[in-house]
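Survey of secondary and tertiary structure
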Amino acid sequence: AQVGAPAQRKGVSITPYIGVLVPTADLFSYQNGTATEITKIGIGLTFGGRLGIGLGNRFGFEGDVGYSPGSVDIETTAGGTTTFNQDVRILSGSGRATFYLIPRTSPFWIGVSGGVAAVRHTFKSGTAGAPDVQPGTNVGGVIGASAGIRIGRLIAFNIGAEDYLYNASFDVNGTKTAETKQHDIRITGGIRVPFLGF
């Protein structure tokens, strides 16, 4: 195979990936008696797939679905952080437009993207006395950047970093929490495989 072979101007591809999810903000807070409980999600793995549609050397669309298992930590006004003993499953989906600063038909390319996203948190019941948190889906936006290098006529290695921006609110013990601005950073790497062109 010829290394760095140029891609066609139009094409469809899929990119399975794995990476890390880095939540940068408190997820929500609630009152537990006289104490305020602040919940956070730690850094964890994420994996999923991305469908790409190229419409020229410098423009395309991408659809992304990702899954991240994790656990919730809790901070109290009394001080200290403890494991909440409650797992959380995070499902994300996005659709975005991508502009390639270096054309995707090059052996090496760089792109920037932006679009809409949805993030769903599903909480597994923890120990007795733990709050009952209902699953919640929050809609917002996503911005990101990606780079890739072709390693043959067909496949390419792709890395990306995205920021999922949304306001999160949940039903905790029958009470709706205040909306909290979220910045979930995802850093991923995967192999892009074309179906048509690319």
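As a reminder, the structure under discussion sits directly above these lines.
1. A look at the overall build of the chain
Of the regular secondary structure elements, the chain holds zero helices and 12 strands. Listed N to C, the secondary structure of the chain is β-β-β-β-β-β-β-β-β-β-β-β in terms of helices and strands. When burial is assessed residue by residue, the chain has 41% of its 198 residues classed as buried. By element, 63% of the accessible surface of the chain is carried by carbon and sulfur atoms, the whole surface being about 9,700 Å².

2. Points about the packing of aromatic side chains
Considering all chains together, one arrives at five aromatic pairs under this definition. Both rings, one in Phe 28 and one in Phe 170, keep their centres 5.5 Å apart while their planes meet at 50°; by these two values the pair is tilted. One end of the pair, Phe 28, is in strand β2 (residues 28–32); the other, Phe 170, is in the loop between β9 (156–168) and β10 (171–172), with 142 residues separating them in the sequence. Like Phe 170, Phe 28 is buried. Both rings, one in Phe 47 and one in Tyr 67, keep their centres 5.6 Å apart while their planes meet at 65°; by these two values the pair is edge-to-face. Of the two residues, Phe 47 is situated in strand β4 (residues 44–55) and Tyr 67 in strand β5 (residues 59–76); the sequence distance between them amounts to 20 residues.

3. A look at the pairing of strand β3 (residues 35–41)
Burial along β3 is one-sided: Ala 35, Glu 37, Thr 39 and Ile 41 are buried, and none of Thr 36, Ile 38 and Lys 40, which face the opposite way, are. Two elements, β3 and β5, share five bridges in a ladder whose sense is antiparallel. When the bridges of β5 are listed, Thr 39 appears paired with Ile 74.

4. So, the side chain of His 121
Here His 121 lies in strand β7 (residues 108–123). Overall, the relative accessible area of 0% leaves His 121 in the buried class. In this structure His 121 touches Leu 27, Ile 41, Val 88, Arg 89, Ile 90, Pro 135, Gly 136, Tyr 166 and Phe 170, once residues within four positions along its chain are discounted.

5. As for the pattern of salt bridges
Taken as a whole, this structure holds eight salt bridges when the rule is applied. Between Arg 96 and Asp 64 there is a salt bridge, with its nearest N and O atoms 3.8 Å apart. Remark: Asp 64 occurs in strand β5 and Arg 96 occurs in strand β6 (residues 81–102); sequence separation between them is 32 residues. Residue class for Arg 96 comes out buried when judged on its relative accessible area of 2%. Each of Arg 50, Glu 62, Asp 64, Arg 96, Glu 162 and Arg 186 takes part in a single network of salt bridges with overlapping partners.

Conventions adopted
Residues numbered from 1 in each chain as written. Predicted model: local features only at pLDDT ≥ 70, side-chain atom pairs only at ≥ 80, totals over all residues. Heavy atoms only, no water. Helix = DSSP H or I, 4+ residues; strand = E, 2+ residues; numbered from the N terminus. Buried < 20%, exposed > 50% of the residue type's maximum accessible area, 1.4 Å probe, protein only. Areas by Shrake-Rupley, 256 points an atom, 1.4 Å probe, with all protein chains shown as cover. Phe/Tyr/Trp six-rings, centres within 6.5 Å; stacked < 30°, edge-to-face > 60°. Pairing = 2+ DSSP bridges. Contact = heavy atoms within 4.5 Å. Salt bridge = Lys/Arg side-chain N within 4 Å of Asp/Glu carboxyl O.

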